[in-house]
Amino acid sequence: MSNFLHGGATRLIEGVGKFRRGVFGTKKSLFHRLKDGQSPLAVFITCSDSRINPNLLTQTEPGELFILRNAGNLVPPHSAGPSGEGATVEYAVTNLKIHDVVVCGHSHCGAMQGLLSPEALEKMPTVREWLRNAAAVVTAVEAKGPGLTPAQKLELAVQQNTLVQIEHLKTHPAVAEAMAAGRLRLHAWVYHFETGEVDAHDAGLQRFVPLAEATRPHWTPADKPAGPLGSMI
Ligand SMILES: [Zn+2]
């Protein structure tokens, strides 16, 4: 056991003990109820970055968010072949019948930085290949961003990436079908962890605005009444 307890893992093991002795007891009925199934409010696609805690950010409990994380919050298009991301979204939309998908990028994203500075990825060929799923972001930043500072370019890349991934989501048949039936909304968010602010892309205004001011997520037809998450934003 002592060999097992070293470095960062020690904190994790202590944390599990603390969770079991304290938090679990206060939420016992919730965990007990969850054995019967899940009915999450939304799919939440975000970066693996440790500075993001989706449940903390959205103040949600176990059972309420169907979370998909990877470097750069990317969703390969359907044409790229089977992927873990495609499978996760298909399951969420088809089997769990989730009506909202949030793609949440974040400030200071290392993956987006790598996308803009490919020379930094020399020793990370897998990351470089993976980031091909965001290649359209580079084109968008180059078109919109001459004269911008590196920090502004990164901010723009983070925003554009959420929109590129929304387009990739739409190529998946389960998503396309649910959207055509008017039962799926796609949301592009950017979380600024250093300030706690969240911006959302308003599909009507065609720009990012503070989340509380956004009124139109990405969905069709546009005039369907909004559900829980739609009315929230
Ligand atoms: Zn990131």
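On a predicted model such as this, the values are computed, not experimentally measured, just so you know. (Residues numbered from 1 in each chain as written. Predicted model: local features only at pLDDT ≥ 70, side-chain atom pairs only at ≥ 80, totals over all residues. Heavy atoms only, no water.)

The expected angle between donors at a tetrahedral four-coordinate metal is 109.5 degrees. At an octahedral six-coordinate metal it is 90 or 180 degrees. Taken together, the protein donors to the zinc ion comprise C47 (SG), H106 (NE2) and C109 (SG), at separations of 2.1 to 2.3 Å. In the primary sequence, the donor residues of the zinc ion line up as C-x58-H-x2-C. Of this pair, C47 sits in strand β1 (residues 42–47) while H106 sits in strand β3 (residues 100–106), and the two are 59 residues apart along the sequence. (Donors = N, O, S within 2.8 Å, 3.2 Å for Na, K, Ca; no water. Helix = DSSP H or I, 4+ residues; strand = E, 2+ residues; numbered from the N terminus.)

Here we come to the domain arrangement of the protein chain. Here the protein chain is described as being made up of domain 1 (1–37) and domain 2 (38–232). Relative placement of domain 1 and domain 2: their C-alpha centres are 30 Å apart. Listed per partner, the contact involves five residues of domain 1 and five residues of domain 2. For the pair domain 1 and domain 2, the summed buried surface comes to about 360 Å²; carbon and sulfur atoms form 64% of the total. Across the domain 1-domain 2 interface, the total number found is one salt bridge. (Domains from an automatic or database assignment. Contact = heavy atoms within 4.5 Å. Buried area = accessible area lost by both parts, 1.4 Å probe. Salt bridge = Lys/Arg side-chain N within 4 Å of Asp/Glu carboxyl O.)

On to the packing of helix α7 (residues 135–144) against helix α8 (residues 150–170), then. Between α7 and α8, whose axes approach to 9 Å, the crossing angle comes to 130 degrees. Judged by the inter-axis angle, α7 sits oblique to α8. α8 is crossed by α7, and the crossing has right-handed handedness. Facing α7, whose interface residues are A136, V137, A140, V141 and K144, α8 presents K153, L156, A157, Q160, N161 and V164. Here the residues of the contact of α7 with α8 are counted per class, giving seven nonpolar, two polar and two charged. (Axes fitted to C-alpha atoms, helices over the stretch in contact; angles between N-to-C directions. Parallel < 35°, antiparallel > 145°, perpendicular 65-115°, else oblique. Left-handed = near helix turned anticlockwise from the far one by under 90°. Nonpolar A, V, L, I, M, F, W, Y, C, P; charged D, E, K, R; others polar.)

The strand order across the open sheet formed by six strands is β2-β1-β3-β4-β5-β6, and the pairing between neighbours is mixed. Of all strands in the sheet, those with a lone pairing partner are β2 (65–70) and β6 (207–210), marking the two edges. Strand-to-strand twist across the sheet, computed as the mean angle between neighbouring axes with direction ignored, equals 25 degrees. Strand direction decides the pairing type here: strand β5 (residues 197–202) and β6, joined by four bridges, are antiparallel. If you follow A200 over to β6, its bridge partner there is V209. Sitting on the sheet, helix α4 (residues 84–95) touches β1 and β2, and the angle it makes with β2 is about 170 degrees. (Pairing = 2+ DSSP bridges.)

Before going further, it helps to spend a moment on unusual backbone geometry. Residues apart from glycine generally show negative phi values, whereas peptide bonds are mostly found in trans. With a phi close to 55 degrees, K97 is a non-glycine residue in the positive phi region. In this fold, K97 is placed in the loop between α4 and β3. Here K97 falls in the exposed class, since its relative accessible area comes to 55%. Phi is positive for Q206, close to 60 degrees, though the residue is something other than glycine. Residue position: Q206 is located in the loop between β5 and β6. (Buried < 20%, exposed > 50% of the residue type's maximum accessible area, 1.4 Å probe, protein only.)

Taken as a whole and assessed by the stated rule, the structure comprises five aromatic pairs. For the ring pair F24 and F31, a centre distance of 5.2 Å and an interplane angle of 15 degrees mean the geometry is stacked. Of the residues examined, F24 reaches a relative accessible area of 30% and is grouped as partly exposed. On the basis of relative accessibility, which here comes to 24%, the residue F31 falls in the partly exposed class. When the ring of F44 is compared with that of W189, the centres are 6.1 Å apart and the planes differ by 80 degrees; the resulting orientation is edge-to-face. Separated by 145 residues along the polypeptide, F44 in strand β1 and W189 in strand β4 (residues 185–192) bring together distant segments of the chain. Of the residues examined, F44 reaches a relative accessible area of 1% and is grouped as buried. Aromatic ring contacts, followed pair by pair, group F19, F24 and F31 into a single cluster. (Phe/Tyr/Trp six-rings, centres within 6.5 Å; stacked < 30°, edge-to-face > 60°.)

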